[in-house]
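# Structure at a glance
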2 protein chains.
Amino acid sequence: MEPLASRSADWVGEALGLELTRPALQPQPLNRRLYQALRGWIQSGRLASGSRLPSSRRLARDLGVGRNTLLEAIEQLVAEGFLETRPGAGTFVADLPFGTGEAPFEPSATPPVEAPEAALSRRGERVLSFCGPSEASHGAFTPGVPALDRFPRELWQRLLKHHQRDAPEAWLAYRTQGGVPALREALCDYLRLSRSVRCRPEQVLVVQGAQQGFELIARMLSDPGDAVWLEEPGYGGAQACFAAAGLASVPVPVDGEGLDLARVPPGQAAPRLIYVTPSHQYPSGVTMSLPRRLALLEAAEAHGAWIVEDDYDSEFRYGQRPIAALQGLTEAARVIYVGTLSKVLYPGLRLGYLVLPEALVAPFRRANARLHREGQYAVQAALAEFITAGHFSRHVRRMRDCYRARQALLRRALAPAVARGLVLSEGQAGMHLVAWLDDRDIERALVVRATEQGISLSPLSGYYLRQPGRPGLVLGYAGARDEEIVRAGEWLAQEWLSLVGAAAADR
Amino acid sequence: MEPLASRSADWVGEALGLELTRPALQPQPLNRRLYQALRGWIQSGRLASGSRLPSSRRLARDLGVGRNTLLEAIEQLVAEGFLETRPGAGTFVADLPFGTGEAPFEPSATPPVEAPEAALSRRGERVLSFCGPSEASHGAFTPGVPALDRFPRELWQRLLKHHQRDAPEAWLAYRTQGGVPALREALCDYLRLSRSVRCRPEQVLVVQGAQQGFELIARMLSDPGDAVWLEEPGYGGAQACFAAAGLASVPVPVDGEGLDLARVPPGQAAPRLIYVTPSHQYPSGVTMSLPRRLALLEAAEAHGAWIVEDDYDSEFRYGQRPIAALQGLTEAARVIYVGTLSKVLYPGLRLGYLVLPEALVAPFRRANARLHREGQYAVQAALAEFITAGHFSRHVRRMRDCYRARQALLRRALAPAVARGLVLSEGQAGMHLVAWLDDRDIERALVVRATEQGISLSPLSGYYLRQPGRPGLVLGYAGARDEEIVRAGEWLAQEWLSLVGAAAADR
């Protein structure tokens, strides 16, 4: 189509009639089709800047449409600045730099091949380096996913329904209470009795998942460039959050007693934050010893640092009750306790919470309400009832038995490999085991072969900040059905045996 | 209680019997009370480091409790490192620096008076400076809250119930799809037809509210210290997010045509991000003119900057259809479109979305799944049906009528003041009006008096980054019932008249 130089546009009626029959415009109401066709012509320069439209009466007649329908389209284009009305003179195309060959907007158009240049920032690239591939999975060996097949969905849906129905209208609006009071009380009681956390309901801040808690902590208590000490190996989700907040990550090795402060690399700046999973280190499964806990509290005090205690799956301890939280070990400990409902309920729920020292309650609550906003109050109320009515404890007990049994199944399936030297982590707790490997090539080969089998294997070396990490596999067993675990475990044992046999033959 | 120097602790049985009767320990099971009493004694030094406990057989007998119950407590303390068993010799208090007078943990204890020093970081203080007081309100004059009394709750609850029941199990797990496909499709259709956004469903990324979208954009596309150009006056929630991400905020004045790039302060660095609300500027209510839109797109192109288009309430335009989005104005525009469901549905829902250029889809999706995690898939599916079944459009139409009527009520209530010179914004759209004031003292006095009346008045000067801002009031009228608006409006008119009269008399 060549642009029409004419300052008037009497040709519009006929051409527009044809245009409206184009398939791309068909599904829309007529006034919308008129709008889009005219706008397309203006933007492409077919209707030249400054040209006058035929009168609406004539145009409507030429098109065989109602004048009001046409006027709606024209008014919209006037409101958006594509057309101008000059009193007494008519309607004109605005005098703007249109007609650069720009393709008109079409509602069904696929996006252009030539996308704008999309360079991420350095921060964005750094964040991305902590992100796995975009495919999520669940089933055998995916770490961190609970037994969704055993979650009491009907009961939970009943609670949701009741609380959605009964929620006060104000709960739909913006809130700044730190969460539904009943939930903060229920969590507080649970934490005091089951986790020996020292708290009052006021100190609990409900957030949309533990990740949001980490973000809030990082932004409120640290500045870019500050050091955060992290467990090595450790949890990638927390690593990513702290990286996104511009913190300098200092990996501190974990041994059989947990984070070992004696092995902080020499010459390090004092940390602002120290991130730990003391009850059940992720991913190694180690419980931090009491001497290490006391030393850690002392170090935080000495450095004026805050300990971020991520208590992600401590409910699931098989031999005895869960290990008491670091937070409650001493009075006025410099600890922010982070809890999640992703493991006991389910990850898609997006609810977690912080237990804050008194002095941080007000600023954190204000900042959270501004930066992240509060919400899901009916779901929070349902969760409160789930806890106070005893469903939470009951579900934890059942899942403890379920996970213990699933771990046993996995161990049995892996037994032929273990008999030949494969080393597994102790596993008195939690939802995963670690298989330690001697060799990165074997780690890599197993991951590749597993992918071919549709099994998602997490290489342990990926949990290290400082490369190369120790090779191994993080084997989630909680979220898969029994038969899946057995099948995947047996497959893994055979693959390991064949690879190790091959490696031995190579020597 | 003085510490007992004795290396054996035969006194424990009797003393423990007394201790268990303390009211603070009463509500718990016996093994838990034993655990806490013993742990308290160890931590306080009453049971000295290295001292030997009586045999469990004797201790159980002295206490009159079952031996298994006692052993559970002891095993827990061994697991947590407070006690040690030495084979053949018995159970000993661990040799650790206990006994510093530390108060033992008590489940009912209120937190200590002496809280740890809780200094926020400079970043934290900066974030806080963008946060209002912690009290949220709704009702007359609270901006941004929709008519919650008119939301079709029963219908919505029915949809929620169905989709919660029908959600595939995998939806409860971690997801990396960018949101439920049906919702991305429904949003995409809506945006193309109603907002002239150019997109395909793949480009839509569902997030937990627009705020989370701003955070993701800031972190993926900018580095600390980069400049963000912001509308002045503008939206505090976005200001806070960009401040939290370490960006340097450059306020750019808004006039009757929207953001005026000609008034960027001289000598500014090129922006990385430009945040705008072109359809209905927040809070002034101005629509950005087409020449300004074209200039803005060109400037973004020239600077290699990204425009963040926050289209928070454009659905509610009274005279004609909503103004088309900036995003769809040209092909391959450097625009990230940010939408929210907080205004059409309700804020507590916590759902929003981004429309990303193709090249940013994969990295944003990966980073979002890692940093924020996806969730609420059943709610997303319910929302998809709410849109495709036409409830969304119907509700928007009803709310448009409702808000137009409520705005008219407010204008009528304020008419006596307007007759004496109070200037209101045009208000062809949206959920709030601005009353421009001449005088900061009057602004301040009105806010104070309103608070006394339980009315939440938002001072316009608080929306400015550069102080002192222009005085005025942001008057939300959408979220209050008709009679509340009338009452609050009449009150405001009277107060304004009396203050202006007093000010005139002062001169």
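Cut-offs and rules
Residues numbered from 1 in each chain as written. Chains lettered and ligands numbered in written order. Predicted model: local features only at pLDDT ≥ 70, side-chain atom pairs only at ≥ 80, totals over all residues. Heavy atoms only, no water. Helix = DSSP H or I, 4+ residues; strand = E, 2+ residues; numbered from the N terminus. Rg over C-alpha atoms; globule rule 2.2 N^0.38 Å. Buried < 20%, exposed > 50% of the residue type's maximum accessible area, 1.4 Å probe, protein only. Areas by Shrake-Rupley, 256 points an atom, 1.4 Å probe, with all protein chains shown as cover. Arc of directions from axis to C-beta. Phe/Tyr/Trp six-rings, centres within 6.5 Å; stacked < 30°, edge-to-face > 60°. Lys NZ or Arg CZ within 6 Å of the ring centre and 35° of its normal. Axes fitted to C-alpha atoms, helices over the stretch in contact; angles between N-to-C directions. Left-handed = near helix turned anticlockwise from the far one by under 90°. Contact = heavy atoms within 4.5 Å. Nonpolar A, V, L, I, M, F, W, Y, C, P; charged D, E, K, R; others polar. Buried area = accessible area lost by both parts, 1.4 Å probe. Salt bridge = Lys/Arg side-chain N within 4 Å of Asp/Glu carboxyl O. Polar contact = N/O pair within 3.5 Å; in protein donor to acceptor, adjacent residues only side chain to side chain. Patch = residues over 30% accessible without salt bridge, like charges linked within 9 Å, V, L, I, M, F, W, Y side chains within 5 Å. Lys, Arg positive; Asp, Glu negative; His and termini not counted. Charge placed at Lys NZ, Arg CZ, Asp CG, Glu CD. Core = buried A, V, L, I, M, F, W, Y, C linked by side-chain atoms within 4.5 Å. Expected span 1.5 Å × (residues − 1). Domains from an automatic or database assignment.

## So, the overall build of chain A
If you tally the helices and strands in chain A, you get 15 helices and 14 strands. For chain A, whose C-alpha radius of gyration is 31 Å, the value lies well above the compact-globule estimate of 23 Å for 507 residues. Considering only C-alpha atoms, chain A reaches an extent of 90 × 60 × 55 Å along its principal axes. Evaluated residue by residue, chain A yields a buried proportion of 64% over its 507 residues. When the accessible area of chain A is evaluated, it comes to approximately 18700 Å², of which 50% is carbon and sulfur surface.

## Section: helix H3 (residues 56-63) of chain B
Residues and elements named next belong to chain B. Every buried residue belonging to H3 is among Ser56, Leu59, Ala60 and Leu63, and all of these are buried. One face of H3 carries all of its buried residues, which in axial projection span an arc of 100°. Among the exposed residues of H3, those oriented more than 90 degrees off its buried face are Arg57 and Arg61. At the exit of H3 stands Gly64, carrying a positive phi of roughly 70°.

## A closer look at the packing of aromatic side chains
The tally for this structure, following the rule as stated, stands at 30 aromatic pairs over all chains. An angle of 70° between the planes, with centres 6.3 Å apart, marks the rings of Phe151 of chain A and Trp156 of chain A as edge-to-face. No difference in accessibility class separates Phe151 of chain A from Trp156 of chain A, as the two residues are buried. Summarising the aromatic geometry, the rings of Phe151 of chain A and Tyr346 of chain A are spaced 5.4 Å apart at their centres and angled 70° between planes, so their arrangement reads as edge-to-face. Within this pair, whereas Phe151 of chain A is found in the loop between helix H5 (122-129) and helix H6 (153-166), its partner Tyr346 of chain A is found in the loop between strand E9 (335-340) and strand E10 (352-355), the two being separated by 195 residues in sequence. The exposure class assigned to Phe151 of chain A is buried, which follows from its relative accessible area of 7%. According to the relative accessible area criterion, Tyr346 of chain A is buried, its value standing at 11%. Following the ring pairs from residue to residue traces out a cluster consisting of Phe151, Trp156, Tyr190, Tyr346, Phe386 and Phe392 of chain B. Positioned above the aromatic ring of Trp306 of chain A, the side-chain terminus of Arg334 of chain A is 4.4 Å from the ring centre.

## Focus: the packing of helix H8 (residues 210-221) of chain B against helix H9 (residues 236-244) of chain B
For any two helices packed against each other, the geometry comes down to the angle between their axes and how far apart the axes lie. Residues and elements named next belong to chain B. Viewed as axis vectors pointing N to C, H8 and H9 meet at an angle of 35°, and their least axial separation amounts to 9 Å. At the point where H8 passes H9, the crossing takes the right-handed sense. Packed against H8, whose contacting residues are Gln211, Phe214, Glu215 and Ala218, the element H9 presents Gly237, Ala238, Cys241 and Phe242 at the interface. Of the residues contributing to the contact of H8 with H9, the split by class is five nonpolar, two polar and one charged.

## As for the interface of chain B and chain A
Taken together, the contact between chain B and chain A spans 128 residues of the former and 129 residues of the latter. For the pair chain B and chain A, the two sides together bury roughly 11300 Å², of which 56% comes from carbon and sulfur. Summed over the three residues of chain B that lose the most area to chain A, namely Arg123, Leu172 and Tyr174 of chain B, the buried surface amounts to 7% of that side. There are six salt bridges connecting chain B and chain A. Across the salt bridge formed by Arg122 of chain A and Asp223 of chain B, the nearest N and O atoms sit 3.7 Å from each other. Our enumeration of links across chain B and chain A arrives at 60 residue pairs in polar contact (both at pLDDT 80 or more). Looking at which element gives the most residues to the side of chain B that touches chain A, the answer is helix H11 (residues 358-371) of chain B, with eight residues.

## As for a positive patch on the surface
There is a patch of like positive charges on the surface, built from Arg158 and Lys161 of chain A together with Arg158 and Lys161 of chain B. Of all the secondary structure elements, the ones that give two or more residues to the positive patch are H6 of chain A together with helix H6 (153-166) of chain B.

## Focus on the nonpolar core
Formed by 92 residues in total, the largest nonpolar core has its most connected members in Leu221, Leu273 and Phe364 of chain A together with Leu221, Leu273 and Phe364 of chain B. Apart from the residues within four sequence positions on either side, Leu273 of chain B is in contact with Ile217, Ala218, Leu221, Ser222, Ala227, Val228, Trp229, Phe242, Leu247, Ala305, Trp306 and Val308 of chain B.

## What to know about the environment of Gly88 of chain B
All names here are of chain B. When you line up the elements, Gly88 lands in the loop between strand E1 (83-86) and strand E2 (90-93). The class for Gly88 is exposed, based on a relative accessible area of 93%. Distance from Gly88 to Phe386, taken between C-alpha atoms, is 70 Å for residues 298 residues apart in sequence.

## Here's the deal with the side chain of Ser425 of chain A
All names here are of chain A. Following the sequence through the fold, Ser425 ends up in the loop between strand E11 (423-424) and strand E12 (432-436). Classification of Ser425 as buried rests on a relative accessible area of 10%. Sequence-distant contacts of Ser425, that is, excluding residues within four places in its chain, are made with Ser284, Arg411, Leu433, Val434 and Trp436.

## A few points about helix H4 (residues 67-79) of chain B
The periodicity of an α-helix, 3.6 residues per turn, causes residues three or four places apart in sequence to face the same way. Residues and elements named next belong to chain B. With 13 residues, H4 ought to run about 18 Å at 1.5 Å a step, and its terminal C-alpha atoms sit 18 Å apart, in line with that. Turning to H4, its buried residues number three or more, namely Leu70, Ala73, Ile74, Gln76 and Leu77. The buried residues of H4 occupy an angular sector of 155° when the element is viewed end-on, so they sit on one face. Turning to H4, the residues buried within the fold contact helix H2 (30-44), H3, E1 and E2.

## Re unusual backbone geometry
Glycine aside, negative phi is the norm for most residues, and most peptide bonds take the trans geometry. Pro468 of chain A follows Gln467 of chain A through a cis peptide bond whose omega is -5°. The topology assignment puts Pro468 of chain A in the loop between strand E13 (458-459) and strand E14 (472-476). Even without being glycine, Phe141 of chain A reaches a positive phi, approximately 80°. Examined against the element boundaries, Phe141 of chain A turns out to sit in the loop between H5 and H6. Judged by its relative accessible area of 1%, Phe141 of chain A is buried. The residue Gln376 of chain B is not glycine, and still its phi comes out positive at about 55°. Its location among the elements puts Gln376 of chain B in the loop between H11 and helix H12 (377-388). Residue classification places Gln376 of chain B among the buried positions, given a relative accessible area of 7%.

## Quick notes on the domain arrangement of chain A
For chain A, the assigned domains read domain 1 (6-93), domain 2 (151-314 + 323-390) and domain 3 (394-506). One C-alpha centre belongs to domain 1 of chain A, the other to domain 2 of chain A, and the line joining them spans 58 Å.

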